[in-house]
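Close look at the chain arrangement
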Amino acid sequence: MIRFEGVHKWFGPLHVLNNINLRVKPGEVVVVCGPSGSGKSTLIRTINDLEPINEGKLVVAGMDLSDRKTDINKLRAEIGFVFQQFNLYPHLTVLKNITLAPIKIRKLDRKTAEEQAMALLERVGLAEKRNAHPSQLSGGQQQRVAIARGLAMKPKIMLFDEPTSALDPEMIGEVLQVMKDLAVSGMTMMVVTHEMGFAREVSHRVVFMDHGTVLEEAEPEEFFKNPQHDRAQQFLKQILSPMH
Amino acid sequence: MIGGLDFTVVWKDLPYFFLGRYPKGPLGGVGLTLYLAVVSLFLSFIGGLILGLLSVSRNRLIKWGSSAVIQTIRGMPLLMVIFWMFFLLPSLLGGGMPASWTVITALTLFTSSYMSEIVRAGILGIPKGQTEAAISTGLSHRQAMLHIILPQALRNMIPSFVNQFVSMIKDTSLAFIVGVSELTQVATQMNNRTMLYPTEIFLFIAVIYFILCFAFTELSRWLERRLAYQKAI
Ligand SMILES: Nc1ncnc2c1ncn2[C@@H]1O[C@H](COP(=O)(O)OP(=O)(O)O)[C@@H](O)[C@H]1O
Ligand SMILES: [Mg+2]
(Lines give C-alpha, C1' and ligand atoms only; values in the text may rest on other atoms or scores of the structure.)
(Ligands and ions follow the chains in the order given, each with its own letter.)
Protein backbone atom coordinates (compact mmCIF):
# COMPACT_ATOMS: atom_id res chain seq x y z
CA MET A 1 0.00 0.00 0.00
CA ILE A 2 2.91 2.30 0.83
CA ARG A 3 6.41 1.63 -0.45
CA PHE A 4 9.49 3.76 0.20
CA GLU A 5 12.58 2.81 -1.79
CA GLY A 6 15.76 4.72 -1.04
CA VAL A 7 13.90 7.96 -0.31
CA HIS A 8 15.90 11.08 0.52
CA LYS A 9 14.83 14.58 1.40
CA TRP A 10 16.73 17.71 2.27
CA PHE A 11 15.65 21.01 3.83
CA GLY A 12 18.49 23.15 2.50
CA PRO A 13 21.60 21.58 4.03
CA LEU A 14 19.59 19.45 6.48
CA HIS A 15 19.35 15.82 5.36
CA VAL A 16 15.97 15.23 6.94
CA LEU A 17 15.17 11.84 5.35
CA ASN A 18 18.15 9.64 4.70
CA ASN A 19 17.65 6.53 2.58
CA ILE A 20 14.22 5.46 3.81
CA ASN A 21 13.08 1.94 2.89
CA LEU A 22 9.69 0.97 4.26
CA ARG A 23 6.67 -1.05 3.26
CA VAL A 24 3.17 -0.90 4.66
CA LYS A 25 0.79 -3.66 3.60
CA PRO A 26 -2.98 -3.20 3.26
CA GLY A 27 -4.65 -3.38 6.66
CA GLU A 28 -1.41 -2.89 8.51
CA VAL A 29 -1.03 -0.44 11.38
CA VAL A 30 2.45 1.01 11.69
CA VAL A 31 3.55 3.27 14.52
CA VAL A 32 6.44 5.66 13.95
CA CYS A 33 8.31 6.97 16.96
CA GLY A 34 11.59 8.67 17.70
CA PRO A 35 13.03 11.80 19.30
CA SER A 36 11.76 15.25 18.36
CA GLY A 37 13.30 16.52 15.13
CA SER A 38 14.15 13.04 13.87
CA GLY A 39 12.01 13.49 10.74
CA LYS A 40 8.80 11.65 11.68
CA SER A 41 6.46 14.39 10.52
CA THR A 42 8.41 14.87 7.34
CA LEU A 43 8.27 11.15 6.65
CA ILE A 44 4.53 10.87 7.09
CA ARG A 45 3.91 14.09 5.15
CA THR A 46 5.77 12.78 2.12
CA ILE A 47 3.14 10.05 1.78
CA ASN A 48 0.50 12.51 0.59
CA ASP A 49 3.05 14.85 -0.95
CA LEU A 50 2.68 17.64 1.60
CA GLU A 51 6.47 17.36 1.54
CA PRO A 52 7.81 16.33 -1.87
CA ILE A 53 10.72 13.90 -1.85
CA ASN A 54 14.02 14.75 -3.54
CA GLU A 55 15.34 11.32 -4.37
CA GLY A 56 14.21 7.71 -4.48
CA LYS A 57 10.89 6.10 -5.18
CA LEU A 58 7.64 6.37 -3.26
CA VAL A 59 4.55 4.43 -4.34
CA VAL A 60 1.29 4.94 -2.48
CA ALA A 61 -1.98 3.15 -3.26
CA GLY A 62 -0.56 2.17 -6.62
CA MET A 63 0.43 5.74 -7.54
CA ASP A 64 4.04 6.73 -8.02
CA LEU A 65 4.82 10.03 -6.28
CA SER A 66 8.18 10.35 -7.97
CA ASP A 67 6.33 10.41 -11.33
CA ARG A 68 5.43 13.96 -12.38
CA LYS A 69 2.38 12.72 -14.24
CA THR A 70 0.73 11.39 -11.07
CA ASP A 71 -2.39 13.38 -10.19
CA ILE A 72 -1.55 14.48 -6.66
CA ASN A 73 -5.06 15.67 -5.84
CA LYS A 74 -6.41 12.26 -6.76
CA LEU A 75 -3.81 10.60 -4.59
CA ARG A 76 -4.63 12.84 -1.63
CA ALA A 77 -8.33 12.01 -1.95
CA GLU A 78 -7.40 8.40 -1.19
CA ILE A 79 -5.52 9.30 1.98
CA GLY A 80 -6.91 10.73 5.20
CA PHE A 81 -4.52 12.94 7.17
CA VAL A 82 -4.98 13.85 10.82
CA PHE A 83 -2.85 16.68 12.18
CA GLN A 84 -1.55 17.37 15.63
CA GLN A 85 -3.35 20.73 15.64
CA PHE A 86 -6.62 19.30 14.23
CA ASN A 87 -6.85 22.05 11.58
CA LEU A 88 -10.63 22.03 11.42
CA TYR A 89 -12.13 24.84 9.34
CA PRO A 90 -13.25 27.37 11.98
CA HIS A 91 -15.78 29.14 9.75
CA LEU A 92 -17.74 25.97 8.98
CA THR A 93 -19.95 23.77 11.13
CA VAL A 94 -18.83 20.29 12.08
CA LEU A 95 -21.10 18.81 9.42
CA LYS A 96 -19.76 21.10 6.69
CA ASN A 97 -16.18 20.37 7.74
CA ILE A 98 -16.90 16.76 6.92
CA THR A 99 -19.06 17.12 3.80
CA LEU A 100 -16.99 19.72 1.94
CA ALA A 101 -14.57 17.37 0.20
CA PRO A 102 -17.08 14.60 -0.63
CA ILE A 103 -19.38 17.20 -2.21
CA LYS A 104 -16.65 19.05 -4.12
CA ILE A 105 -14.58 16.05 -5.17
CA ARG A 106 -16.74 12.95 -5.07
CA LYS A 107 -19.62 15.06 -6.39
CA LEU A 108 -22.04 13.67 -3.83
CA ASP A 109 -25.30 15.55 -3.47
CA ARG A 110 -25.68 17.38 -0.18
CA LYS A 111 -28.18 14.94 1.28
CA THR A 112 -26.08 11.83 0.65
CA ALA A 113 -22.97 13.57 1.91
CA GLU A 114 -24.74 14.64 5.09
CA GLU A 115 -26.13 11.18 5.75
CA GLN A 116 -22.68 9.76 5.33
CA ALA A 117 -21.20 12.45 7.59
CA MET A 118 -23.80 11.73 10.26
CA ALA A 119 -22.89 8.04 10.16
CA LEU A 120 -19.25 9.01 10.72
CA LEU A 121 -20.16 11.38 13.53
CA GLU A 122 -22.10 8.54 15.20
CA ARG A 123 -19.01 6.43 14.87
CA VAL A 124 -16.81 8.99 16.65
CA GLY A 125 -19.59 9.70 19.16
CA LEU A 126 -20.33 13.29 18.18
CA ALA A 127 -23.61 13.16 16.30
CA GLU A 128 -25.17 15.80 18.54
CA LYS A 129 -22.42 18.28 17.64
CA ARG A 130 -23.20 18.39 13.93
CA ASN A 131 -24.17 22.07 13.93
CA ALA A 132 -21.48 23.27 16.33
CA HIS A 133 -18.48 25.27 15.19
CA PRO A 134 -15.02 23.88 15.95
CA SER A 135 -14.31 26.58 18.55
CA GLN A 136 -17.25 25.27 20.58
CA LEU A 137 -15.66 21.83 20.92
CA SER A 138 -12.97 20.50 23.24
CA GLY A 139 -9.65 19.43 21.77
CA GLY A 140 -10.57 15.77 21.95
CA GLN A 141 -13.86 16.42 20.20
CA GLN A 142 -12.15 18.47 17.51
CA GLN A 143 -9.68 15.70 16.84
CA ARG A 144 -12.48 13.15 16.56
CA VAL A 145 -14.23 15.41 14.03
CA ALA A 146 -10.93 15.68 12.15
CA ILE A 147 -10.76 11.90 11.98
CA ALA A 148 -14.35 11.78 10.69
CA ARG A 149 -13.42 14.40 8.08
CA GLY A 150 -10.53 12.23 6.96
CA LEU A 151 -12.76 9.17 6.74
CA ALA A 152 -15.45 10.97 4.73
CA MET A 153 -13.51 10.49 1.51
CA LYS A 154 -13.49 6.73 2.15
CA PRO A 155 -9.70 6.67 2.07
CA LYS A 156 -7.53 3.61 1.59
CA ILE A 157 -4.96 4.89 4.06
CA MET A 158 -5.18 7.03 7.20
CA LEU A 159 -2.16 8.98 8.37
CA PHE A 160 -1.84 10.47 11.86
CA ASP A 161 0.85 12.93 12.89
CA GLU A 162 0.93 13.00 16.70
CA PRO A 163 -2.86 13.12 16.94
CA THR A 164 -2.93 13.27 20.75
CA SER A 165 0.10 15.47 21.51
CA ALA A 166 -1.90 18.69 21.63
CA LEU A 167 -4.58 17.25 23.90
CA ASP A 168 -5.16 17.50 27.62
CA PRO A 169 -4.44 14.11 29.20
CA GLU A 170 -8.07 13.39 29.98
CA MET A 171 -8.98 13.65 26.29
CA ILE A 172 -6.29 11.40 24.89
CA GLY A 173 -8.24 8.23 25.63
CA GLU A 174 -11.32 9.14 23.59
CA VAL A 175 -9.20 9.86 20.51
CA LEU A 176 -7.12 6.71 20.90
CA GLN A 177 -10.32 4.69 21.23
CA VAL A 178 -11.57 5.99 17.87
CA MET A 179 -8.21 5.12 16.33
CA LYS A 180 -8.27 1.64 17.83
CA ASP A 181 -11.74 0.99 16.42
CA LEU A 182 -10.48 2.14 13.07
CA ALA A 183 -7.48 -0.17 13.24
CA VAL A 184 -9.68 -3.12 14.15
CA SER A 185 -11.92 -2.34 11.17
CA GLY A 186 -8.95 -3.12 8.93
CA MET A 187 -7.86 0.38 7.91
CA THR A 188 -4.28 0.78 6.70
CA MET A 189 -2.75 3.24 9.16
CA MET A 190 0.51 4.98 9.78
CA VAL A 191 0.65 6.78 13.11
CA VAL A 192 3.35 9.02 14.47
CA THR A 193 2.84 8.84 18.21
CA HIS A 194 4.53 8.47 21.56
CA GLU A 195 1.52 6.61 22.96
CA MET A 196 3.30 3.36 23.56
CA GLY A 197 0.12 1.75 24.88
CA PHE A 198 -1.46 2.26 21.50
CA ALA A 199 1.63 0.90 19.77
CA ARG A 200 1.67 -2.20 21.93
CA GLU A 201 -2.04 -2.95 21.73
CA VAL A 202 -2.95 -2.07 18.20
CA SER A 203 0.02 -1.77 15.92
CA HIS A 204 1.57 -4.50 13.84
CA ARG A 205 4.91 -2.83 13.61
CA VAL A 206 6.91 -0.08 15.25
CA VAL A 207 9.36 2.04 13.29
CA PHE A 208 11.98 3.92 15.25
CA MET A 209 13.52 6.97 13.60
CA ASP A 210 16.56 9.01 14.51
CA HIS A 211 18.33 11.75 12.55
CA GLY A 212 16.35 11.08 9.41
CA THR A 213 16.97 7.36 9.23
CA VAL A 214 14.93 4.34 10.22
CA LEU A 215 17.10 2.83 12.94
CA GLU A 216 14.84 0.01 13.88
CA GLU A 217 11.73 -1.72 12.64
CA ALA A 218 10.11 -4.51 14.66
CA GLU A 219 6.93 -6.01 16.00
CA PRO A 220 5.81 -4.09 19.07
CA GLU A 221 6.51 -6.91 21.57
CA GLU A 222 9.97 -7.30 20.16
CA PHE A 223 10.64 -3.58 20.05
CA PHE A 224 9.61 -2.94 23.65
CA LYS A 225 11.27 -6.00 25.14
CA ASN A 226 14.39 -5.95 23.12
CA PRO A 227 15.33 -2.72 21.41
CA GLN A 228 18.46 -3.26 19.37
CA HIS A 229 19.98 0.23 19.23
CA ASP A 230 21.25 2.32 22.09
CA ARG A 231 19.26 5.27 20.82
CA ALA A 232 16.06 3.23 20.87
CA GLN A 233 16.82 1.96 24.39
CA GLN A 234 17.42 5.53 25.62
CA PHE A 235 14.31 6.77 23.89
CA LEU A 236 12.14 4.05 25.42
CA LYS A 237 13.54 4.70 28.85
CA GLN A 238 12.72 8.39 28.56
CA ILE A 239 9.26 7.83 27.15
CA LEU A 240 8.21 5.13 29.56
CA SER A 241 9.85 6.29 32.79
CA PRO A 242 7.30 8.94 33.84
CA MET A 243 4.55 6.34 33.69
CA HIS A 244 6.28 3.67 35.75
CA MET B 1 -25.09 84.04 13.45
CA ILE B 2 -22.77 81.72 15.36
CA GLY B 3 -19.76 83.37 16.96
CA GLY B 4 -19.72 86.15 14.43
CA LEU B 5 -20.00 83.74 11.52
CA ASP B 6 -22.90 83.99 9.09
CA PHE B 7 -24.03 80.62 7.77
CA THR B 8 -26.88 82.03 5.71
CA VAL B 9 -24.86 81.39 2.59
CA VAL B 10 -24.84 77.69 3.49
CA TRP B 11 -28.48 77.30 4.55
CA LYS B 12 -29.67 79.15 1.46
CA ASP B 13 -28.06 76.65 -0.87
CA LEU B 14 -28.22 73.56 1.30
CA PRO B 15 -29.74 71.31 -1.41
CA TYR B 16 -26.92 72.38 -3.71
CA PHE B 17 -24.34 71.24 -1.14
CA PHE B 18 -26.00 67.88 -0.81
CA LEU B 19 -27.12 67.05 -4.33
CA GLY B 20 -25.70 69.63 -6.73
CA ARG B 21 -28.22 70.41 -9.47
CA TYR B 22 -29.90 67.01 -9.06
CA PRO B 23 -32.69 66.12 -10.00
CA LYS B 24 -32.84 68.86 -12.65
CA GLY B 25 -29.17 68.47 -13.55
CA PRO B 26 -26.33 66.13 -12.74
CA LEU B 27 -25.71 64.87 -9.24
CA GLY B 28 -23.16 66.86 -7.21
CA GLY B 29 -22.06 67.74 -3.68
CA VAL B 30 -22.28 65.16 -0.91
CA GLY B 31 -24.32 62.91 -3.19
CA LEU B 32 -21.59 62.82 -5.80
CA THR B 33 -18.91 62.37 -3.13
CA LEU B 34 -20.70 59.30 -1.83
CA TYR B 35 -21.38 58.07 -5.34
CA LEU B 36 -17.69 58.33 -6.28
CA ALA B 37 -16.67 56.64 -3.02
CA VAL B 38 -19.19 53.80 -3.22
CA VAL B 39 -18.61 52.97 -6.88
CA SER B 40 -14.83 53.23 -6.54
CA LEU B 41 -14.85 51.15 -3.39
CA PHE B 42 -16.90 48.43 -5.02
CA LEU B 43 -14.58 48.32 -8.02
CA SER B 44 -11.51 48.51 -5.76
CA PHE B 45 -12.79 45.56 -3.79
CA ILE B 46 -12.88 43.47 -6.96
CA GLY B 47 -9.57 44.90 -8.20
CA GLY B 48 -7.92 44.41 -4.80
CA LEU B 49 -9.18 40.86 -4.59
CA ILE B 50 -7.83 40.00 -8.03
CA LEU B 51 -4.47 41.73 -7.48
CA GLY B 52 -4.19 40.25 -4.00
CA LEU B 53 -4.85 36.74 -5.25
CA LEU B 54 -2.33 37.20 -8.06
CA SER B 55 0.26 38.43 -5.58
CA VAL B 56 0.06 35.18 -3.59
CA SER B 57 0.02 33.03 -6.74
CA ARG B 58 2.27 29.99 -6.74
CA ASN B 59 3.40 31.03 -10.21
CA ARG B 60 6.40 33.32 -9.73
CA LEU B 61 5.91 35.28 -12.92
CA ILE B 62 2.33 36.18 -11.97
CA LYS B 63 3.41 36.92 -8.41
CA TRP B 64 6.22 39.28 -9.42
CA GLY B 65 4.19 40.88 -12.20
CA SER B 66 1.32 41.76 -9.91
CA SER B 67 3.68 42.98 -7.18
CA ALA B 68 5.36 45.27 -9.70
CA VAL B 69 2.01 46.77 -10.69
CA ILE B 70 0.98 47.20 -7.06
CA GLN B 71 4.25 48.82 -6.01
CA THR B 72 4.24 51.17 -9.01
CA ILE B 73 0.78 52.48 -8.26
CA ARG B 74 1.52 52.72 -4.56
CA GLY B 75 4.61 54.75 -5.38
CA MET B 76 2.59 57.50 -7.05
CA PRO B 77 0.65 60.32 -5.38
CA LEU B 78 -3.09 59.93 -5.89
CA LEU B 79 -3.27 63.38 -7.49
CA MET B 80 -0.88 62.19 -10.20
CA VAL B 81 -3.01 59.14 -10.91
CA ILE B 82 -6.08 61.37 -11.18
CA PHE B 83 -4.32 63.67 -13.65
CA TRP B 84 -3.04 60.74 -15.66
CA MET B 85 -6.46 59.20 -15.99
CA PHE B 86 -8.09 62.53 -16.69
CA PHE B 87 -5.80 63.31 -19.60
CA LEU B 88 -5.02 59.80 -20.73
CA LEU B 89 -8.30 57.89 -20.66
CA PRO B 90 -10.45 60.11 -22.89
CA SER B 91 -7.76 60.18 -25.58
CA LEU B 92 -7.23 56.43 -25.25
CA LEU B 93 -10.94 55.76 -25.50
CA GLY B 94 -11.49 58.37 -28.21
CA GLY B 95 -13.10 60.93 -25.93
CA GLY B 96 -16.54 60.72 -24.41
CA MET B 97 -15.56 59.63 -20.94
CA PRO B 98 -17.09 61.84 -18.26
CA ALA B 99 -14.59 63.38 -15.83
CA SER B 100 -16.27 61.61 -12.91
CA TRP B 101 -15.45 58.26 -14.46
CA THR B 102 -11.82 59.16 -15.00
CA VAL B 103 -11.76 59.95 -11.28
CA ILE B 104 -13.46 56.66 -10.45
CA THR B 105 -10.87 54.84 -12.55
CA ALA B 106 -8.04 56.64 -10.77
CA LEU B 107 -9.48 56.01 -7.30
CA THR B 108 -10.08 52.38 -8.22
CA LEU B 109 -6.54 51.83 -9.46
CA PHE B 110 -5.07 53.57 -6.45
CA THR B 111 -7.24 51.91 -3.82
CA SER B 112 -7.06 48.49 -5.49
CA SER B 113 -3.33 48.48 -4.94
CA TYR B 114 -3.83 49.23 -1.24
CA MET B 115 -6.68 46.73 -0.98
CA SER B 116 -4.54 44.07 -2.59
CA GLU B 117 -2.06 44.43 0.26
CA ILE B 118 -4.89 43.98 2.75
CA VAL B 119 -6.09 40.92 0.85
CA ARG B 120 -2.58 39.54 0.63
CA ALA B 121 -1.92 40.02 4.35
CA GLY B 122 -5.34 38.54 5.11
CA ILE B 123 -4.60 35.43 3.08
CA LEU B 124 -1.11 35.01 4.50
CA GLY B 125 -2.54 35.49 7.99
CA ILE B 126 -4.56 32.28 7.80
CA PRO B 127 -2.51 29.43 9.33
CA LYS B 128 -0.78 27.12 6.87
CA GLY B 129 -2.52 24.14 8.49
CA GLN B 130 -5.80 25.27 6.93
CA THR B 131 -4.50 24.90 3.39
CA GLU B 132 -2.74 21.68 4.30
CA ALA B 133 -5.91 20.20 5.76
CA ALA B 134 -7.90 21.20 2.70
CA ILE B 135 -5.50 19.85 0.10
CA SER B 136 -5.03 16.71 2.18
CA THR B 137 -8.66 15.85 1.53
CA GLY B 138 -7.98 16.12 -2.20
CA LEU B 139 -9.10 19.70 -2.83
CA SER B 140 -7.00 21.61 -5.36
CA HIS B 141 -5.13 24.73 -4.24
CA ARG B 142 -7.75 26.81 -6.00
CA GLN B 143 -10.63 25.07 -4.20
CA ALA B 144 -8.82 25.41 -0.89
CA MET B 145 -8.43 29.15 -1.52
CA LEU B 146 -12.08 29.55 -2.51
CA HIS B 147 -13.76 27.49 0.20
CA ILE B 148 -11.35 27.63 3.13
CA ILE B 149 -8.86 30.50 2.98
CA LEU B 150 -10.78 33.38 1.38
CA PRO B 151 -13.93 33.13 3.52
CA GLN B 152 -11.81 33.34 6.68
CA ALA B 153 -9.49 36.00 5.29
CA LEU B 154 -12.29 38.23 3.98
CA ARG B 155 -14.01 38.12 7.32
CA ASN B 156 -10.85 39.32 9.04
CA MET B 157 -10.49 42.06 6.44
CA ILE B 158 -13.91 43.67 6.88
CA PRO B 159 -12.71 46.37 9.31
CA SER B 160 -9.80 47.26 7.01
CA PHE B 161 -12.19 47.55 4.11
CA VAL B 162 -14.36 49.97 6.02
CA ASN B 163 -11.26 51.98 6.88
CA GLN B 164 -10.37 52.10 3.21
CA PHE B 165 -13.84 53.46 2.57
CA VAL B 166 -13.16 56.27 5.02
CA SER B 167 -9.94 57.11 3.19
CA MET B 168 -11.84 56.90 -0.05
CA ILE B 169 -14.38 59.51 1.06
CA LYS B 170 -11.55 61.89 1.86
CA ASP B 171 -9.70 61.04 -1.36
CA THR B 172 -12.73 61.93 -3.50
CA SER B 173 -12.13 65.58 -2.55
CA LEU B 174 -9.19 65.54 -4.96
CA ALA B 175 -11.69 65.15 -7.80
CA PHE B 176 -12.30 68.90 -7.57
CA ILE B 177 -8.96 69.42 -9.33
CA VAL B 178 -10.39 68.07 -12.59
CA GLY B 179 -13.67 69.90 -12.19
CA VAL B 180 -15.90 67.12 -10.91
CA SER B 181 -18.59 68.81 -8.83
CA GLU B 182 -18.33 66.77 -5.65
CA LEU B 183 -18.55 68.37 -2.24
CA THR B 184 -15.21 70.20 -2.27
CA GLN B 185 -15.77 71.49 -5.79
CA VAL B 186 -19.24 72.72 -4.86
CA ALA B 187 -17.79 74.51 -1.87
CA THR B 188 -15.09 76.11 -4.01
CA GLN B 189 -17.72 77.30 -6.48
CA MET B 190 -19.86 78.82 -3.76
CA ASN B 191 -16.87 80.53 -2.30
CA ASN B 192 -15.76 81.93 -5.65
CA ARG B 193 -19.21 83.37 -6.22
CA THR B 194 -19.07 85.83 -3.32
CA MET B 195 -15.64 85.48 -1.73
CA LEU B 196 -17.29 86.74 1.47
CA TYR B 197 -17.78 83.60 3.54
CA PRO B 198 -14.84 81.21 3.03
CA THR B 199 -14.66 80.31 6.73
CA GLU B 200 -18.35 79.45 6.94
CA ILE B 201 -18.35 77.41 3.75
CA PHE B 202 -15.21 75.40 4.43
CA LEU B 203 -16.11 74.92 8.07
CA PHE B 204 -19.41 73.49 6.95
CA ILE B 205 -17.95 70.99 4.52
CA ALA B 206 -15.28 70.03 7.04
CA VAL B 207 -18.08 69.11 9.42
CA ILE B 208 -19.78 67.05 6.72
CA TYR B 209 -16.57 65.16 5.90
CA PHE B 210 -16.03 64.61 9.58
CA ILE B 211 -19.53 63.23 10.14
CA LEU B 212 -19.24 60.87 7.16
CA CYS B 213 -15.82 59.59 8.18
CA PHE B 214 -16.70 59.37 11.85
CA ALA B 215 -19.80 57.35 11.09
CA PHE B 216 -17.89 54.84 9.01
CA THR B 217 -14.99 54.65 11.47
CA GLU B 218 -17.50 53.82 14.20
CA LEU B 219 -19.05 51.22 11.93
CA SER B 220 -15.65 49.64 11.44
CA ARG B 221 -14.98 49.59 15.20
CA TRP B 222 -18.34 48.02 15.80
CA LEU B 223 -17.71 45.39 13.15
CA GLU B 224 -14.32 44.66 14.64
CA ARG B 225 -15.82 44.09 18.07
CA ARG B 226 -18.58 41.95 16.63
CA LEU B 227 -16.17 39.80 14.66
CA ALA B 228 -13.90 39.42 17.68
CA TYR B 229 -16.92 38.32 19.67
CA GLN B 230 -18.00 35.82 17.01
CA LYS B 231 -14.51 34.41 16.94
CA ALA B 232 -14.46 34.01 20.69
CA ILE B 233 -17.56 31.83 20.84
N1 LIG C 1 9.68 23.28 6.31
C2 LIG C 1 10.88 23.07 6.90
N3 LIG C 1 11.96 23.77 6.55
C4 LIG C 1 13.17 23.56 7.11
N5 LIG C 1 13.40 22.65 8.07
C6 LIG C 1 12.37 21.90 8.48
C7 LIG C 1 11.06 22.07 7.93
N8 LIG C 1 10.23 21.19 8.53
C9 LIG C 1 10.99 20.50 9.40
N10 LIG C 1 12.27 20.92 9.39
C11 LIG C 1 13.37 20.36 10.19
O12 LIG C 1 13.50 19.01 9.84
C13 LIG C 1 13.79 18.23 10.97
C14 LIG C 1 12.78 17.13 11.11
O15 LIG C 1 11.54 17.70 11.41
P16 LIG C 1 10.23 16.85 11.66
O17 LIG C 1 10.01 15.95 10.49
O18 LIG C 1 9.14 17.80 11.99
O19 LIG C 1 10.65 16.00 12.93
P20 LIG C 1 9.72 15.29 14.01
O21 LIG C 1 8.33 15.25 13.51
O22 LIG C 1 10.34 13.93 14.17
O23 LIG C 1 9.85 16.07 15.27
C24 LIG C 1 13.82 19.18 12.15
O25 LIG C 1 15.16 19.50 12.41
C26 LIG C 1 13.08 20.38 11.67
O27 LIG C 1 13.56 21.56 12.27
MG1 LIG D 1 6.53 16.11 14.29
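Bear in mind the structure is a predicted one, so any value in this text is a computation, not a measurement.

Attention shifts here to the overall build of chain B. For chain B, the helix and strand inventory stands at ten helices and zero strands. Along chain B, helices (α) and strands (β) appear in the sequence α-α-α-α-α-α-α-α-α-α when read from the amino end. When its C-alpha atoms are laid out on the principal axes, chain B stretches across 70 × 50 × 30 Å. With 233 residues in all, chain B has 45% of them scored as buried. Sequence separation of at least 24 residues holds for 73% of the intrachain contacts in chain B that already meet a minimum separation of 6. Just so you have it, chain B exposes about 12,100 Å², and 68% of that area is on carbon and sulfur atoms. Between the centroid of the 17 positive side chains of chain B and the centroid of its 9 negative side chains there is a distance of 13 Å.

Inside soluble globular proteins, nonpolar side chains tend to come together where they are buried. Counting 90 residues, the largest nonpolar core has I2, F4, L43, I47, V60 and M190 of chain A together with F17 of chain B as the members making the most contacts within it. Looking at this core element by element, the count peaks at eleven residues for helix α8 (residues 141-171) of chain B. Dropping the residues within four chain positions of it, I47 of chain A is found in contact with I2, F4, L58, V60, L65, L75, I79, L159 and M190 of chain A.

Summed over the entire model, instances satisfying the criterion amount to 17 salt bridges over all chains. One network of salt bridges, with partners in common, ties together R45 and E51 of chain A together with K128 and E132 of chain B.

All names here are of chain A. Looking at where E28 falls in the secondary structure, it is placed in the loop between β2 (14-24) and β3 (29-33). On the basis of relative accessible area, E28 is assigned to the buried category, the value being 10%. Within the structure, the side chain of E28 is placed 3.0 Å from the side chain of R205, a separation counted as a polar contact. Once residues lying within four places of it in the same chain are set aside, the contact partners of E28 are R23, M187, T188, M189, H204 and R205.

Residue and element names in this part refer to chain A. Here I47 is to be found in the loop between α1 (40-46) and β4 (55-60). Using a relative accessible area of 0% as the deciding quantity, one classes I47 as buried. Placed 32 residues apart in sequence, I47 and I79 show a C-alpha to C-alpha distance of 8.7 Å.

For the rest of this paragraph, the subject is the sheet that holds strand β7 (residues 157-161) of chain A. All names here are of chain A. One open sheet holds the six strands; their spatial order is β6-β7-β8-β3-β9-β10, and the pairing between them is mixed. Only two strands of the sheet have a single partner each, and these edge strands are β6 (79-82) and β10 (213-218). Between one strand and the next, the sheet's axes are offset by a mean angle of 15°, whatever the strand orientation. Against the sheet, helix α6 (residues 169-184) contacts β3, β7 and β8 (188-192), and its axis sits at roughly 145° relative to β8.

As a further point, take the packing of helix α5 (residues 78-92) of chain B against helix α6 (residues 99-124) of chain B. Residue and element names in this part refer to chain B. One can describe the packing of α5 onto α6 by two numbers: an axis separation of 8 Å at closest approach and a directional angle of 135°. The angle between the axes of α5 and α6 places the two elements in the oblique class. Seen along the crossing, α5 lies across α6 with a hand that is right-handed. Residue-level inspection shows L78, V81, I82, M85, F86, L89 and P90 of α5 in contact with α6, the latter providing A99, T102, V103, T105, A106, L107, L109 and F110. Class assignment of the residues belonging to the contact of α5 with α6 gives a composition of 13 nonpolar, two polar and no charged.

Take the interface of chain A and chain B next. In this assembly, 23 residues from chain A lie in contact with 18 residues from chain B. A buried area of about 1,700 Å², summed over both sides, lies between chain A and chain B, and 58% of it is on carbon and sulfur atoms. Its largest share of buried area at the contact with chain B, chain A owes to R76, Y89 and H91 of chain A, together 29% of the area lost on that side. Between E132 of chain B and R45 of chain A there is a salt bridge, with its nearest N and O atoms 2.7 Å apart. Our count for the chain A to chain B interface comes out at six residue pairs in polar contact (both at pLDDT 80 or more). Secondary structure elements with two or more residues in the side of chain A that touches chain B: α2 (72-77), β6 and α3 (94-104) of chain A.

What counts and how
Residues numbered from 1 in each chain as written. Chains lettered and ligands numbered in written order. Predicted model: local features only at pLDDT ≥ 70, side-chain atom pairs only at ≥ 80, totals over all residues. Heavy atoms only, no water. Helix = DSSP H or I, 4+ residues; strand = E, 2+ residues; numbered from the N terminus. Buried < 20%, exposed > 50% of the residue type's maximum accessible area, 1.4 Å probe, protein only. Contact = heavy atoms within 4.5 Å. Areas by Shrake-Rupley, 256 points an atom, 1.4 Å probe, with all protein chains shown as cover. Lys, Arg positive; Asp, Glu negative; His and termini not counted. Charge placed at Lys NZ, Arg CZ, Asp CG, Glu CD. Core = buried A, V, L, I, M, F, W, Y, C linked by side-chain atoms within 4.5 Å. Salt bridge = Lys/Arg side-chain N within 4 Å of Asp/Glu carboxyl O. Polar contact = N/O pair within 3.5 Å; in protein donor to acceptor, adjacent residues only side chain to side chain. Pairing = 2+ DSSP bridges. Axes fitted to C-alpha atoms, helices over the stretch in contact; angles between N-to-C directions. Parallel < 35°, antiparallel > 145°, perpendicular 65-115°, else oblique. Left-handed = near helix turned anticlockwise from the far one by under 90°. Nonpolar A, V, L, I, M, F, W, Y, C, P; charged D, E, K, R; others polar. Buried area = accessible area lost by both parts, 1.4 Å probe.

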